Amino acid sequence: MWGESSFRLPEQIEVAYHWFVFNAQNSALFFLPLVAPLAFLRRSRTQTVILIAATLLIFARVQALIGAGHPMPYFAHPFCCDIFAGNIFVNFGLGSQTLTGTFPFVLPYVARLALTYASVLLAGLLIASFVRPPATNAALLSLGTALIGTAALLGSGLYVDRYSLDSAWSLVIFLPLVIPWQRAKWIAITSLIIITIFSTYSVSEYHAWNGARWKAVAELRARGIPITDIDGGAEVWSLYELSHADQRFRRIHQFGLPPRPYLIAFEPMRGYRVVGKYPFTGWLGLHRGVIYLLSSRA
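About the criteria used
- Residues numbered from 1 in each chain as written.
- Predicted model: local features only at pLDDT ≥ 70, side-chain atom pairs only at ≥ 80, totals over all residues.
- Heavy atoms only, no water.
- Core = buried A, V, L, I, M, F, W, Y, C linked by side-chain atoms within 4.5 Å.
- Buried < 20%, exposed > 50% of the residue type's maximum accessible area, 1.4 Å probe, protein only.
- Helix = DSSP H or I, 4+ residues; strand = E, 2+ residues; numbered from the N terminus.
- Phe/Tyr/Trp six-rings, centres within 6.5 Å; stacked < 30°, edge-to-face > 60°.
- Patch = residues over 30% accessible without salt bridge, like charges linked within 9 Å, V, L, I, M, F, W, Y side chains within 5 Å.
- Areas by Shrake-Rupley, 256 points an atom, 1.4 Å probe, with all protein chains shown as cover.
- Salt bridge = Lys/Arg side-chain N within 4 Å of Asp/Glu carboxyl O.
- Disulfide = S-S within 2.5 Å.
- Axes fitted to C-alpha atoms, helices over the stretch in contact; angles between N-to-C directions.
- Parallel < 35°, antiparallel > 145°, perpendicular 65-115°, else oblique.
- Contact = heavy atoms within 4.5 Å.
- Nonpolar A, V, L, I, M, F, W, Y, C, P; charged D, E, K, R; others polar.
- 1 Å grid on protein atoms, 1.4 Å probe; cavity = no way out; pocket = protein on both sides within 12 Å on 5 of 7 lines; lining within 4 Å.
- Points joined across faces, edges and corners; volume = space filled by probe spheres on them.

Undergrad: Describe the nonpolar core, and please don't skip the residues or the numbers.
TA: Membership of the largest hydrophobic core comes to 47 residues, with the highest contact counts inside it found for Val35, Leu171 and Leu175. Elements with a contribution of two residues or more to this core: helix H1 (9–30), helix H2 (32–35), helix H3 (45–67), helix H4 (109–128), helix H5 (137–152), helix H7 (171–174) and helix H8 (181–222). In terms of residues, this core owes the most to one element, H1, which gives nine residues. If you look at the next biggest cluster of nonpolar residues, it comprises 18 residues, including Leu99, Ile225, Phe266 and Leu293.

Listed below in structure tokens is the structure:
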């Protein structure tokens, strides 16, 4: 991207703006138990102005995405608006939902809007906490590491939400040094409990539907179906084909494959008939879904 002649200063500023907003939103959500307590900070007038300005700047970007039909969790397919279809945060759960079709357990649109606007406020609180940090080596070094790591993301050709963990991990050192624990510890504990429950059960569900997917792949392979006839999602493609490919093959197929005779999907698809069903359960059995094995062959 950076080597393209059309990628000039306006485009560079736009990408920096987009990715800094993404990183602020995602860091605020990933580190929720340490960011939510920032609402209890006593702020100077300067810090309040920074909080309002940062929140409005993030809100402008987020509102533009909502106008394009993309509230959080961000997952754009086909590609749109610098949103990569492979984030950890997905519609209801964790882990990239890389099969064709719509995942059978989705957040209502209103809930997605609420999550989006909450991330705006949390990201604003996070950025405002950078103003006049504690004058300790630990605070300054950890904040500097996070800022430099975020700036370094511009060397990448795309942004994925998990990059906030690579670039801004040191915030887990910085934030405890600025949190007013005596007034905010209850919100930190509550947020930690929520994150723990959500992470545990959503990861469990992720493994459940993936187990169903790989069972479908194994049965096809046992029947002698070549892997090149199976569209089993990004993981199957990456493990069996992309990992053995040369650079030319990677460039040609980096944005997808043509239709294949067998398709593993979250729902029945037009042009295919259902030849197998693989049920799975999640959230202590409260959610039940099915992975479909589809065929375009008569």
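Undergrad: Lay out unusual backbone geometry in plain terms, naming residues and giving numbers.
TA: Residue Pro73 is bonded to the preceding Met72 through a cis peptide linkage, with omega at -5 degrees. You can see Pro73 is positioned in the loop between H3 and strand E1 (89–90). The backbone of Asp82 sits at a positive phi, close to 65 degrees, despite the residue not being glycine. Summarising the element assignment, Asp82 is placed in the loop between H3 and E1. Even without being a glycine, Trp283 presents a positive backbone phi close to 55 degrees. Within the secondary structure, Trp283 is located in the loop between strand E5 (273–282) and strand E6 (287–295).

Undergrad: Which residues make up the packing of aromatic side chains, and what values go with them?
TA: Each pair of aromatic rings is reported with the distance of its centres and the angle of its planes. In this structure the tally under the stated criterion is 16 aromatic pairs. Plain terms: the ring middles of Phe198 and Trp283 are 6.3 Å apart, the flat faces sit at 45 degrees to each other, and that makes the pair tilted. Placement of the pair is Phe198 in helix H8 and Trp283 in the loop between E5 and E6, with a sequence separation of 85 residues. Exposure remark for Phe198: the relative accessible area of 25% places this residue in the partly exposed category. When the centroid spacing of 5.5 Å and the interplanar angle of 85 degrees are considered together, the rings of Tyr206 and Trp209 count as edge-to-face. Of this pair, Tyr206 and Trp209 both sit in helix H8, three residues apart, which is roughly one turn of the helix. These aromatic residues form a ring-pair network of at least three members: Trp19, Phe22, Tyr74, Tyr159 and Tyr163.

Undergrad: Describe a nonpolar patch on the surface, naming the residues involved and giving the relevant values.
TA: Nonpolar side chains collect at one region of the surface, where Trp169, Val172, Ile173 and Leu177 lie side by side and expose about 360 Å² of accessible area between them. Tracing the backbone shows Ile173 in helix H7.

Undergrad: Outline the state of the cysteines, supporting the account with residue identities and numerical values.
TA: This structure, assessed with the given rule, holds one disulfide. Residue pairing for Cys80: its cysteine sulfur links by disulfide to Cys81, the two sulfurs lying 2.1 Å apart. The exposure class assigned to Cys81 is partly exposed, which follows from its relative accessible area of 26%.

Undergrad: Pulling in residues and values, what's your account of the packing of H1 against H4?
TA: Closest axis-to-axis distance for the H1/H4 pair is 8 Å, and the angle between their directions is 95 degrees. What the angle tells us is that H1 and H4 run roughly perpendicular. Mapping the contact onto sequence places Ala24, Gln25, Ser27, Ala28 and Leu29 in H1 and Leu115, Thr116, Ser119, Leu122, Ala123, Leu126 and Ile127 in H4. Across the contact of H1 with H4, the residue classes break down as eight nonpolar, four polar and no charged.

Undergrad: Give a detailed account of the layout of surface pockets, specifying residues and quantitative values.
TA: A volume near 560 Å³ is recorded for the second largest pocket. What lines the second largest pocket is a set of 22 residues, and nearest its centre among them are Leu29, Phe89, Leu115, Ile195 and Phe198. At the level of elements, H1, E1, strand E2 (93–94), H4 and H8 are the ones that each hand at least two residues to the lining of the second largest pocket. A breakdown of the residues in the lining of the second largest pocket according to their chemical character gives 19 nonpolar, three polar and no charged.

Treat this as a map of the structure, not an account of what it does.
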